[in-house]
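Here is what each chain is made of, one letter per residue.
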Amino acid sequence: EKHKILPTILSRCQIYDFSRIESADIIAHLQGIAAKEGITAEHEALRIIAQKSDGCMRDALSLFDQMASFTQGELTYSKVISSLNVLDYEYYFRLTDFILDKKVPQALLLFNEVLAKGFEGNIFIEGAAAHFRDLLINSDTATAPLFEGSEELRARYAEQASRCKPRMIFSAIRLYSTWEVWGVAIYTPSTPSKEIASSAVRHALPPCFPAKALALS
């Protein structure tokens, strides 16, 4: 809190401003380690580790070491998300396709499938919010370089984003982001699973679905 220090004292101090390490830098460093240690590591697997480390290289190295041990030197995307209990992004691509096609039953079944795998509803909503933010980033070639995934994954986001109207993306981001903050309150041990699913889906799905279609008995 530099603003609390007198200028006469501050002028005699050495100041170091620290910030989180970019995911791209963490991935590059882990790729170098993997090459030296003879470890096979997919780019998407390293991206998940970088995201989980939240800009801390020490945490990233620790996770990398754990994953290298658990996967016996073969860090694939599927193995890493399984070990770290991360929800596969394929669910969000499928959800968006269902939203675009207005397939309400399939969207509800998809959400139920996620719950059946042991993931909390708020985890699904947080991931959906991130997915639509990535769609927004990849909807324009000017902002596409901000995306931290592989070129193959970036192409998938760009393709899906081209089928989404900007209004739909912004509406989805607003709704999902709101429930990232306030929706956690409905996920309590005493809440029945059907009520959890109903509340999450009703509030999380963008308003391209008619309200009557979302009414669950």
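Located above this text is the structure these notes cover.
Calculation criteria
- Residues numbered from 1 in each chain as written.
- Predicted model: local features only at pLDDT ≥ 70, side-chain atom pairs only at ≥ 80, totals over all residues.
- Heavy atoms only, no water.
- Helix = DSSP H or I, 4+ residues; strand = E, 2+ residues; numbered from the N terminus.
- Buried < 20%, exposed > 50% of the residue type's maximum accessible area, 1.4 Å probe, protein only.
- Contact = heavy atoms within 4.5 Å.
- Areas by Shrake-Rupley, 256 points an atom, 1.4 Å probe, with all protein chains shown as cover.
- Salt bridge = Lys/Arg side-chain N within 4 Å of Asp/Glu carboxyl O.
- Axes fitted to C-alpha atoms, helices over the stretch in contact; angles between N-to-C directions.
- Parallel < 35°, antiparallel > 145°, perpendicular 65-115°, else oblique.
- Left-handed = near helix turned anticlockwise from the far one by under 90°.
- Nonpolar A, V, L, I, M, F, W, Y, C, P; charged D, E, K, R; others polar.
- Core = buried A, V, L, I, M, F, W, Y, C linked by side-chain atoms within 4.5 Å.

Chemist: Explanation requested: the overall build of the protein chain in the structure shown.
Modeler: Summing up its helical and strand segments, the protein chain has eleven helices and two strands in all. Written out in order from the N terminus, the α and β elements of the protein chain read α-α-β-α-α-β-α-α-α-α-α-α-α. Looking at the protein chain as a whole, 40% of its 217 residues qualify as buried. Put simply, of all contacts in the protein chain between residues at least 6 apart along the chain, 67% involve residues at least 24 apart. As presented, the protein chain carries roughly 12,900 Å² of accessible surface, and 55% of it is formed by carbon and sulfur atoms.

Chemist: Hey, could you run me through the pattern of salt bridges in this one?
Modeler: One side chain can pair with another of opposite charge once the charged atoms of both are near each other. According to the stated counting rule, one finds eight salt bridges in the structure shown. Measuring nitrogen to oxygen at the nearest pair gives 2.5 Å for the salt bridge that ties Arg156 to Glu90. Taken as a pair, Arg156 in helix α9 (residues 151-162) and Glu90 in helix α6 (residues 90-101) lie far apart in primary sequence, 66 residues in all. Residue classification places Glu90 among the partly exposed residues on the basis of a relative accessible area of 30%.

Chemist: What is the right way to read the packing of α6 against helix α7 (residues 104-116) from this model?
Modeler: Each pair of packed helices can be summarised by the angle the axes make with each other and by the distance between the axes. Closest axis-to-axis distance for the α6/α7 pair is 9 Å, and the angle between their directions is 160°. Comparing their axes, α7 and α6 come out roughly antiparallel. Seen along the crossing, α6 lies across α7 with a hand that is left-handed. Contacts between α6 and α7 pair Tyr91, Arg94, Leu95 and Phe98 from the former with Gln106, Ala107, Leu110, Glu113 and Val114 from the latter. The residue inventory of the contact of α6 with α7, partitioned by class, reads six nonpolar, one polar and two charged.

Chemist: Would you mind going over the packing of α6 against helix α8 (residues 121-138) with me for this structure?
Modeler: It is the contact of α6 with α8, at a shortest axis distance of 10 Å, that shows an interaxial angle of 75°. Put simply, α6 runs roughly perpendicular to α8. Taken together, the residues of α8 that come into contact with α6 (itself represented by Tyr92, Phe93, Leu95, Thr96 and Ile99) are Ile123, Phe124, Gly127, Ala128, His131, Phe132 and Leu135. Residues that form the contact of α6 with α8 fall into these classes: nine nonpolar, three polar and no charged.

Chemist: Explain the nonpolar core here, please?
Modeler: Most often, soluble globular proteins keep nonpolar side chains buried together rather than apart. With 52 residues, the main nonpolar core has Ile49, Phe64, Leu75, Val80, Leu95, Phe132 and Tyr176 as its most contacted residues. For Ile49, the residues in contact, after removing those within four places along its chain, are Leu30, Ala60, Leu63, Phe64, Met67, Leu75 and Val80.

Chemist: Could you clarify how one ought to interpret unusual backbone geometry in this entry?
Modeler: Phi angles above zero are rare outside glycine, and Asp54 is one such case at about 55°. One can find Asp54 in the loop between α3 (43-53) and α4 (57-70). If you check the backbone angles, Asn85 has positive phi at about 55° while not being a glycine. You can see Asn85 is positioned in the loop between α5 (77-83) and α6. Given a relative accessible area of 52%, Asn85 falls into the exposed group.

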